[in-house]
4 protein chains.
Amino acid sequence: MHEHSIAIVGASGYSGLELTRYAARHPRLRLVSLYSDRWAQEAAGDRLPLGGPAAALRYSALADAASTQAEIAFLATPAEVSLELGPKLLARGLRVVDLSGAFRLEDASLYPAWYGFTHGQAAALAEARYGLPELERERLRGARLVSNPGCYATATALALAPLVKSGLVAAEGIAVSAMSGVSGAGRKASEDYSFCEVDEDLRAYRLARHQHVPEIEQTVRRFAGRCGPISFTPHLVPIRRGILATCALRLLPGASAAALQSAWNGAYAGEPFVRLLAADKVAVKDVVRTNRAHLGLAVDERAGAAVAVSAIDNLTKGAAGQAVQALNCAMGWDETLGLDLLGG
Amino acid sequence: MHEHSIAIVGASGYSGLELTRYAARHPRLRLVSLYSDRWAQEAAGDRLPLGGPAAALRYSALADAASTQAEIAFLATPAEVSLELGPKLLARGLRVVDLSGAFRLEDASLYPAWYGFTHGQAAALAEARYGLPELERERLRGARLVSNPGCYATATALALAPLVKSGLVAAEGIAVSAMSGVSGAGRKASEDYSFCEVDEDLRAYRLARHQHVPEIEQTVRRFAGRCGPISFTPHLVPIRRGILATCALRLLPGASAAALQSAWNGAYAGEPFVRLLAADKVAVKDVVRTNRAHLGLAVDERAGAAVAVSAIDNLTKGAAGQAVQALNCAMGWDETLGLDLLGG
Amino acid sequence: MHEHSIAIVGASGYSGLELTRYAARHPRLRLVSLYSDRWAQEAAGDRLPLGGPAAALRYSALADAASTQAEIAFLATPAEVSLELGPKLLARGLRVVDLSGAFRLEDASLYPAWYGFTHGQAAALAEARYGLPELERERLRGARLVSNPGCYATATALALAPLVKSGLVAAEGIAVSAMSGVSGAGRKASEDYSFCEVDEDLRAYRLARHQHVPEIEQTVRRFAGRCGPISFTPHLVPIRRGILATCALRLLPGASAAALQSAWNGAYAGEPFVRLLAADKVAVKDVVRTNRAHLGLAVDERAGAAVAVSAIDNLTKGAAGQAVQALNCAMGWDETLGLDLLGG
Amino acid sequence: MHEHSIAIVGASGYSGLELTRYAARHPRLRLVSLYSDRWAQEAAGDRLPLGGPAAALRYSALADAASTQAEIAFLATPAEVSLELGPKLLARGLRVVDLSGAFRLEDASLYPAWYGFTHGQAAALAEARYGLPELERERLRGARLVSNPGCYATATALALAPLVKSGLVAAEGIAVSAMSGVSGAGRKASEDYSFCEVDEDLRAYRLARHQHVPEIEQTVRRFAGRCGPISFTPHLVPIRRGILATCALRLLPGASAAALQSAWNGAYAGEPFVRLLAADKVAVKDVVRTNRAHLGLAVDERAGAAVAVSAIDNLTKGAAGQAVQALNCAMGWDETLGLDLLGG
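Residues numbered from 1 in each chain as written. Chains lettered and ligands numbered in written order. Predicted model: local features only at pLDDT ≥ 70, side-chain atom pairs only at ≥ 80, totals over all residues. Heavy atoms only, no water.

Draft legend 1. Spatial organisation of the overall build of chain A. The number of helices and strands found in chain A is eleven helices and 14 strands. Taking 20 Å as the expected radius of gyration for a compact globule of 344 residues, we find that chain A reaches 19 Å, a close match to that expectation. Across its three principal axes, chain A shows a C-alpha extent of roughly 60 × 45 × 40 Å. Look at the contacts in chain A between residues 6 or more apart in sequence, and 70% of them connect residues 24 or more apart. Total accessible area computed for chain A in this model is approximately 10,700 Å², and 50% of it derives from carbon and sulfur atoms. Here chain A contributes 35 positively and 34 negatively charged side chains, and the mean placements of these two sets differ by 3 Å. (Helix = DSSP H or I, 4+ residues; strand = E, 2+ residues; numbered from the N terminus. Rg over C-alpha atoms; globule rule 2.2 N^0.38 Å. Contact = heavy atoms within 4.5 Å. Areas by Shrake-Rupley, 256 points an atom, 1.4 Å probe, with all protein chains shown as cover. Lys, Arg positive; Asp, Glu negative; His and termini not counted. Charge placed at Lys NZ, Arg CZ, Asp CG, Glu CD.)

Draft legend 2. Structural view of the pattern of salt bridges. Scanning the entire structure with this criterion turns up 91 salt bridges over all chains. Measuring nitrogen to oxygen at the nearest pair gives 3.3 Å for the salt bridge that ties glutamate 191 of chain D to arginine 38 of chain A. Of this pair, glutamate 191 of chain D sits in the loop between β8 (175-180) and α7 (195-198) while arginine 38 of chain A is found in the loop between β2 (29-35) and β3 (59-60), placing the two residues in two different chains. Classification of glutamate 191 of chain D as partly exposed rests on a relative accessible area of 23%. One salt-bridge network, held together by shared partners, links Arg38 and Arg187 of chain A, Lys285 of chain C together with Glu191, Glu197, Asp201 and Arg203 of chain D. (Salt bridge = Lys/Arg side-chain N within 4 Å of Asp/Glu carboxyl O. Buried < 20%, exposed > 50% of the residue type's maximum accessible area, 1.4 Å probe, protein only.)

Draft legend 3. Just helix α1 (residues 14-25) of chain C, in detail. Given a rise of 1.5 Å per residue, twelve residues ought to cover 16 Å, and the 18 Å separating the end C-alpha atoms of α1 of chain C matches this to within 8%. Across the twelve residues of α1 of chain C, nine count as buried, placing the element largely inside the fold. For α1 of chain C, every residue scored as buried is listed here: Tyr14, Gly16, Leu17, Glu18, Leu19, Thr20, Arg21, Tyr22 and Ala23 of chain C. In this fold, the buried residues of α1 of chain C make contact with α7 (195-198) of chain B together with β1 (4-9), β2 (29-35), β4 (72-75) and α11 (320-331) of chain C. (Expected span 1.5 Å × (residues − 1).)

Draft legend 4. Up close: the interface of chain B and chain A. Taken residue by residue, the interface counts 43 residues in chain B and 43 residues in chain A. Approximately 3,700 Å² of surface area, both sides summed, lies buried where chain B meets chain A, with 59% of it carried by carbon and sulfur atoms. Scanning the region where chain B abuts chain A turns up five salt bridges. Its salt-bridge partner being glutamate 197 of chain A, residue lysine 285 of chain B comes within 2.7 Å of it at the nearest N-O pair. Inspection of the chain B/chain A interface yields 18 residue pairs in polar contact (both at pLDDT 80 or more). At the level of elements, β8 (175-180), β9 (203-204), α8 (212-224), β10 (231-236), β11 (243-250), α10 (284-287), β13 (293-300) and β14 (305-312) of chain B are the ones that each hand at least two residues to the side of chain B that touches chain A. Among the residues forming the side of chain B that touches chain A, the class breakdown is 25 nonpolar, five polar and 13 charged. (Buried area = accessible area lost by both parts, 1.4 Å probe. Polar contact = N/O pair within 3.5 Å; in protein donor to acceptor, adjacent residues only side chain to side chain. Nonpolar A, V, L, I, M, F, W, Y, C, P; charged D, E, K, R; others polar.)

Draft legend 5. The arrangement of the relation of the copies chain D and chain A in detail. Rotating chain D by 180° and translating it 0.0 Å along the rotation axis places it on chain A, where the RMSD comes to 0.0 Å. The superposition operator between the copies reduces to a two-fold rotation axis. Here 100% of the interface residues in chain D have copies in chain A that are interface residues too; the copies meet face to matching face. (Least-squares fit on C-alpha atoms with pLDDT ≥ 70 in both.)

Draft legend 6. How the structure looks around the pairing of strand β2 (residues 29-35) of chain D. Residues and elements named next belong to chain D. β2 sits mainly inside the fold: five of its seven residues count as buried. Sheet topology note: the strand β1 (residues 4-9)/β2 ladder contains six bridges and is parallel. Residue histidine 4 lies in a different strand from β2, and its bridge partner there is leucine 29. A crossover connection joins β1 to the parallel β2 through helix α1 (residues 14-25); in handedness this β-α-β unit is right-handed. Note: β2 against strand β3 (residues 59-60), two bridges, orientation parallel. When the sheet's bridge partners are listed, tyrosine 35 is paired in β3 with serine 60. (Pairing = 2+ DSSP bridges. Right-handed = clockwise from strand over helix to strand, strands pointing away.)

Draft legend 7. Region of the structure containing the environment of isoleucine 230 of chain A. By the element assignment, isoleucine 230 of chain A lies in the loop between α8 (212-224) and β10 (231-236). When the C-alpha atoms of isoleucine 230 of chain A and glutamate 217 of chain A are compared, they prove to be 7.1 Å apart, with 13 residues separating the residues in sequence. Apart from residues lying up to four places away in sequence, isoleucine 230 of chain A is in contact with Leu160, Ile174, Val176, Val213, Ile216 and Glu217 of chain A together with Asp300, Arg302 and Ala303 of chain B.

Draft legend 8. Expanded view of helix α11 (residues 320-331) of chain D. The terminal C-alpha atoms of α11 of chain D lie 16 Å apart, and with twelve residues this matches the ideal 16 Å at 1.5 Å per residue to within 8%. For α11 of chain D, the buried fraction is high: twelve of the twelve residues fall into the buried class.

Draft legend 9. Structural detail: the sheet that holds β3 of chain A. A sheet is described by the order of its strands in space; here seven strands give the open sequence β3-β2-β1-β4-β5-β7-β6 (chain A), paired in parallel fashion. Bordering the open sheet on either side are β3 and β6 (129-130) of chain A, each of which pairs with just one other strand.

Draft legend 10. Molecular detail of the domain arrangement of chain A. Residues and elements named next belong to chain A. Domain assignment breaks chain A into domain 1 (4-148 + 319-331) and domain 2 (151-312). For domain 1 versus domain 2, the separation of C-alpha centres amounts to 25 Å. Listed by partner, the interface residues are 24 residues for domain 1 and 27 residues for domain 2. Buried area between domain 1 and domain 2, summed over both chains or domains, comes out near 2,200 Å², and the portion from carbon and sulfur atoms is 54%. Inspection of the domain 1/domain 2 interface yields five salt bridges. (Domains from an automatic or database assignment.)

Draft legend 11. Highlighting the sheet that holds strand β13 (residues 293-300) of chain D. Residues and elements named next belong to chain D. Spatially, the seven strands line up as an open sheet ordered β9-β10-β8-β11-β14-β13-β12, and their pairing is mixed. Unpaired on one side and paired on the other, β9 (203-204) and β12 (274-278) mark the two borders of the sheet. Summarising the sheet, β13 and strand β14 (residues 305-312) pair through seven bridges and their orientation is antiparallel. For histidine 294, the partnering residue across the bridge sits in β14 and is alanine 311.

Draft legend 12. Seen up close, the environment of tryptophan 39 of chain D. Residues and elements named next belong to chain D. As for its placement among the helices and strands, tryptophan 39 is situated in the loop between β2 and β3. Separated by 28 residues in the primary sequence, tryptophan 39 and alanine 11 have C-alpha atoms spaced 8.9 Å apart. Not counting chain neighbours up to four residues away, the residues in contact with tryptophan 39 comprise Ser12, Leu17, Arg47, Tyr59 and Arg187.

Draft legend 13. Structural context of the interface of chain D and chain A. Between chain D and chain A, the residue contacts involve 20 residues of the former and 20 residues of the latter. For the pair chain D and chain A, the summed buried surface comes to about 1,800 Å²; carbon and sulfur atoms form 56% of the total. Ranking the residues of chain D by area buried against chain A places Phe195, Cys196 and Arg240 of chain D at the top, with a combined share of 40%. Inspection of the chain D/chain A interface yields six salt bridges. For the pair chain D and chain A, the number of links is twelve residue pairs in polar contact (both at pLDDT 80 or more). In terms of residue count, the dominant contributor to the side of chain D that touches chain A is α7 of chain D (four residues). Partitioning the side of chain D that touches chain A into residue classes produces nine nonpolar, three polar and eight charged.

Draft legend 14. Highlighting the state of the cysteines. All chains considered together, the criterion is met by zero disulfides over all chains. In this structure cysteine 151 of chain D is not part of a disulfide, and its nearest cysteine sulfur, from cysteine 196 of chain A, lies 12 Å away. (Disulfide = S-S within 2.5 Å.)

Draft legend 15. Main features of the side chain of threonine 316 of chain A. Residue and element names in this part refer to chain A. Mapped onto the secondary structure, threonine 316 falls in the loop between β14 (305-312) and α11 (320-331). In this structure threonine 316 comes out as buried when scored by relative accessible area, which is 2%. When sequence neighbours within four positions are dropped, the list of residues in contact with threonine 316 reads Tyr22, Arg241, Arg289, Thr290, Asn291, Gly321 and Gln322.

Draft legend 16. Summary view of the confidence of the model for chain A. In the predicted model, chain A carries a mean pLDDT of 96, and 99% of its residues have values of at least 70. Of the two predicted TM-score estimates for the complex, the pTM is 0.97 and the ipTM is 0.97. (pLDDT = per-residue confidence, 0-100.)

Draft legend 17. The side chain of histidine 212 of chain D, seen in detail. Residues and elements named next belong to chain D. Considering the arrangement of structural elements, one finds histidine 212 in helix α8 (residues 212-224). Histidine 212 gets classed as buried once you look at its relative accessible area, which sits at 6%. When neighbours within four sequence positions are excluded, histidine 212 is seen to be in contact with Arg104, Gly150, Cys151, Tyr152 and Ala153.

Draft legend 18. The arrangement of the packing of helix α5 (residues 133-140) of chain B against α8 of chain B in detail. Residues and elements named next belong to chain B. One way to put it is that α5 packs onto α8 with a least axis distance of 11 Å and a crossing angle of 75°. When the axes of α5 and α8 are compared, the pair comes out roughly perpendicular. Touching Leu135, Glu136 and Arg139 of α5 are Thr219, Arg222 and Phe223, all from α8. Considering only residue class, the contact of α5 with α8 consists of two nonpolar, one polar and three charged. (Axes fitted to C-alpha atoms, helices over the stretch in contact; angles between N-to-C directions. Parallel < 35°, antiparallel > 145°, perpendicular 65-115°, else oblique.)

Draft legend 19. Just the packing of α5 of chain B against helix α11 (residues 320-331) of chain B, in detail. All names here are of chain B. At their nearest, the axes of α5 and α11 sit 9 Å apart, and the two run at 35° to each other. Relative to α11, α5 is oriented so that their crossing is right-handed. Residues Pro133, Glu134, Arg137 and Leu140 of α5 pack against Gln322, Gln325, Ala326, Cys329 and Ala330 of α11. (Left-handed = near helix turned anticlockwise from the far one by under 90°.)

So, in C-alpha cells, the structure goes:
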C-alpha cells in the first residue's frame, strides 16, 4: 500500500509534537521532514520517544519548509505564517492541513477585527475546507487545503450545532463558558504562563473577543441554518491539556430533555469519536490523549434552560488528532486510521 | 476592652481550620473551645501554626458542643447538624454564626427539594439574618443567628445583585458558570476527590440542582426586587481554594458598559473587601487567603450580552472570613476586625 | 499467528487500567476477562477509550478469577491476594505475571518484617522469576510465574546494579531518595491522598522500612555480586504518575565520570527501553506513558561522590509496561511487542 | 514607640512580594519605598491586598534605590546587584539585609567557582553577619549588614548542624537530596518554568554545583566545628512554595535514635520557629506561609544510617520571613515580631 510522504511545519510546538507522534505511526503516512527553528539540527528521537526511522529525522529551519519535498504538509504555525506558506505549498502541488486560523473564516472581511490582519489570500480561502468531519464530512472529501478547526470551536460547535438545528433551543442568546488547559496558549517563554502564575489560579481572558467566536457561529450556521451572536468566555485553568465547554441555551416551547438528547443521538450515532453521556459524567480526564469528544446535556426546566457540556483534548481532537482525522477524510481513508490512542 | 469567648464546632474541616486561624487572632474574641471528632483530644497547636493560648486548646468531641460555655459559636457543621444544634445554642443564650445552609432559605418549603430534608425549625429560620454585609448590612446589626452565605452564592450574588437592580440587564435568562477548588467539597475520604482523580481534570457537577441556586435567587431578589430562575453550572477544577463565577446576562435597551459599571461602583464604593477590576484582571490567586471579592465586567455589544466575573476564596470570603465579617457586623464592631490577612 | 488469551485480575486499579490498555492492543494477546469488584458488570468501553472487542468485555467479580479460562493472567492485586491466587492459577496450568510483592523476595523469611505476613507458598516462590529483563533477561525465558518488580525497585536497581558491579563505587553506604507520583499509592478512598491534602505538599514516608528495600538489595546483589544495606527514603509528590530516584554513592579510588558512564553504557547498549542522558536532562515527563527508563549520572569529585538519577513511569516501566515486557520475554517474543506507546 | 523607615529593593519578585507583606504590618517598621522596574509607577495596593498607607506606595525604578531615604533596606536583588548596592547603602548609614548570596561566603575566593563572579567588596564581606538566628543568634546582634541565608541552606543547615556537632554521625559522606517549589527559581519569563513544562514533572538540576553547597558547609562548620564536603542534589517539583530537604547521614558508634533526637532537642528547645516531629510527619504544607522549620529524624540501624528531613517555605523561612527574623535579632527586638502568620 502506497505511503504518502508528509512534512510537519512548526514541529516543536505542543500541536506539532502531537502531530509528530501520530504521523510517525500512521499506517499510510511516511514522516519525512520536520521544521522547527527551536530544535534545528536536533534528532526527533532526542525529543520524543519515537522508534523506527522517525527517530533519526532532524529538525530543519522553518525557512526551509517552503521547499519541502513531501506530498502532504501539516502546518502547526501561527496564522500569519500559514497565510503565506499555505498557498505556496498548494501551488507546488502539496496537500495542506493548516492548524491555524488562517483559512477558517469564509468571510475574509472578518479577519482584521478578529485576527488583526487583512486576509490577502482569497483563492486559498475559497479552496479551504473546514475540517470538522462529524459536522461536514462530505465537504472534506478530496480537499487539497484543510483548515483545521480551533480547539474551543471544536468543543463548542459539536455541542451546539445539532441542538440549534433541532429548533428546540433558541439560536439567539447562547452563552458559552469554556475552560482550557495551558497548552492552549502554546509553547513560549512568558511570565504569564509560568508555573507560579498559573498554578492554583483561575481567570477569564479575551472576553467577548476570542477569535474562535466567529468560527463557532459560522460552523453552527452552516450546519443548523442559523446562529445568533454567541457570548463566549474562555478561561485559563491549571491543567496541561483539555477543554471543557459549558454552553447555556434557552429552551423553546416543546423542548424536553428527551427531544434534545434525540437531536444529539441523531447527529452522532455511529461516530467513532463522539460519546454521549450524562452531563456530570463528562470529564476532561477521560478524553485527554484521545481524539474523542464527550458530550453531556442537562435540562433545567425550572429555568427554561439547557446546558450542554463538551470535553475534548485541545491538542488531540482540538488540534493534531482532528488534523489526522480530517486528512483521513480528505484522502478517502478510514477516518480512524492512526488514531487508536488509548488515553490516560 | 472586653473579649468575647467563642467556640468553633466542626473545627477540623477546611472552614473550621480557617475559623480557628481567624478566631485565634481576632482582637475582640477569645477562642475557648474547639469541637471535632476527627482530632478529639489533640492540641490545636499540633494541627495549626498557632501561638499563644490557642495552641494549647484541645479538640473536644462534637457531641459536647451543645453544652459549650462560650458566648458565641461558629458552626462549621453539615446542615443537618446545624439545624439541631443552632436552636439549642440560641436557647441557651449564645450568639450563633452558622456556616451551613440550614438557615439560609427564608422559605422553609424549599428545603426538601434543594437540601433533601424537611425544615422543622421555623422559629430559628425566622430569626436568622443572612450574612452578606455588602448587600444587606443593616439587617445584620444585632443578629443573634447569622446564616453565613454559601461560597458560590457569595461570589454570584455580589456580581449579580447591583446589575439586576440597575434595570440595565434582564432579570430573566441569567446563566452562571462557576468553578470551585476542591476544598469546596469538604474534607473527607473519597475516591472521587483523590488527587489522581481530580488532578488534570475538569468536570461539571450538580447541574441545575446545586443547593446554592435558590439562595442566589433569594439574595438577588431581596436586593434588586426581582430575579428570574438562574441556570447555574458548578465545576470542579484542580486547585485547592478559590471560586470563579462567570455570569452571562442579557443587556436591556440603553445599557452600556459605563452604565453597568456605575451600578457596581455605586453599590460597592468604599467597601473594604470588594475590588472592581477589568474582567480579565480578576484572578483567583489575587483573592486566595483574603476576605476579598474581585469583580470585573465585560460588555459584548455584538452579542447583546454582559459577562460579570467574580472571584473569591471559598474558604475565606466564601466561608470563614465572611463569618468573621458578619459577626463583626452583628456585634457592631469595625467590619474588618481580625481580617487583615495578606493573601499569597 | 496464534493469539494467547489473557485475563486481568484487579483491572480497575491504576496498574490494572494500564494493563487493560496494553493487553487490548498487543498483537499476540486476546483479552478475554477482566476482574474487578469495583466495576463488576460494567463494560470496559465505558471506563476506558477502547475500541474493538475489548470494549464490550464486562468486569467480573474478583472471586471469579480463580476459575478464569484464560491461558495467561496478569495479577494486579494486593500481595495477600496474589499469594493465594497465583499458585491456584499455576496449578491449573496458567502462566501468571504477578505485579504485587508476593513473589519478589527469594528469602521467604524476609516477608514478616517487610510485608507483614508469613509466606506459605514456598513452591511458587521457588518457581518465580523476577521480571526485570534489562538485568536478568535469561532467567525469564519460559518462566511460568513472573514476579514483576516494584516501581521504586525498578528505578533504583537499574541505576545501581551496573555501577556497583563496576567496582568503582562502594557497595556500602548507598543512600537513595526517591519521589513518586500519587498513583503509586493505588486507587482508594483516603483522606491522606485527597487532592487538598496532597496538592502543593511534599513529604517523606515509610523511611527506612519501605518494602522495596530488600528487593533492591537482592536485585543488585544478584547482578553485582554484592550490595550493602541501602538507606532508602521515598517521598510523595503532587504528580499523578512517575518516579524519580536519586541515588548517592561513594566513589572508590580510580573512579572517574567516564569510567562510571562506561559501566552503564556496557550494561545498557542496545536496550530499547533504557536511555542514558546527562543527569539534569532526566525528567519524569519524558518517560511518562512510555516503558522507558531514563538514567543520568553526575560525579562530584570534590565530595568523592556520584549521584545517579533514574526516571520511570511507575504505572508503565514500574508496573504494567514492564509486565508486558517480561511476558514478551518469558514467551520468547520480541520484547517491545505491544509497547510502542509514544508518551506525552 | 519609634518606627524605623524601611525600603524594599526588588519588590516585585516573589521574595520581594513577601517582604512587602511583612514590612507593611510589622509593628516597628514603616514601609516607605518600594523599588522595582517591572511595576515602576504602579501602586502597591494594585498588586497586593494591602491596607493602610502601604497600599498607596508607588514602585520606583531600581536605579533610584541607591539614594533611598529609608533607615533600613531589604535587598531582594540578584547577587551582582546587591554586591554593588549593599556597600553604597552601608556607606550612607543604612542598615541592610541582603537576601542574595553576595555576602554569604566568608571566603571571597569561593565566589568565582560557585557564583561566577569575582568578589571585590572585602570590607562589606567582613562586616556581614549570616542571618540564621537559630544557629548563630549572638553574632547577629547589632549587625549593620545581614546576609540572609539561602533557602536550601536554611533547610539543610538547620537539620545538619546539631547532628554533626553531636559527634554521633559522620561529618563526611553526607548526601542531601532537596526538592524545591518553582518560586525558588524566581519570577521570570522562561519556557523551562512554564506551567506545561513543570506540571507533572520531576527533575534534578545543578547536581554537585549548586551555589548553596559551600554556604551549607560553612554554616555547619561554624556551628559544629567540622563538616566534610556534602553531596547535594536539588530537584524541581511542581509546587509553588516550599522546600523539603532529605539528608542522609552515616551513624557513628554509639549513636541511637534517642541520642540523635537529643542533639536536636538541645539545640532547638524553646525556638519559636522550629518544630521537631516524626520524620514522616514533616510536610511542606504545614510550613508554607509560616516562618517555621519542621524537622524529623529517622534512624535506620540496619543500614547504619540516619535520615533527617527538613521542611520550610522557601519564600518565608527561606527568604523574607527569615530576613524579618534576622532584622528583629539585629535590632534587639522580639524575634517573632511581625511574623505571626498563620499558614494555610
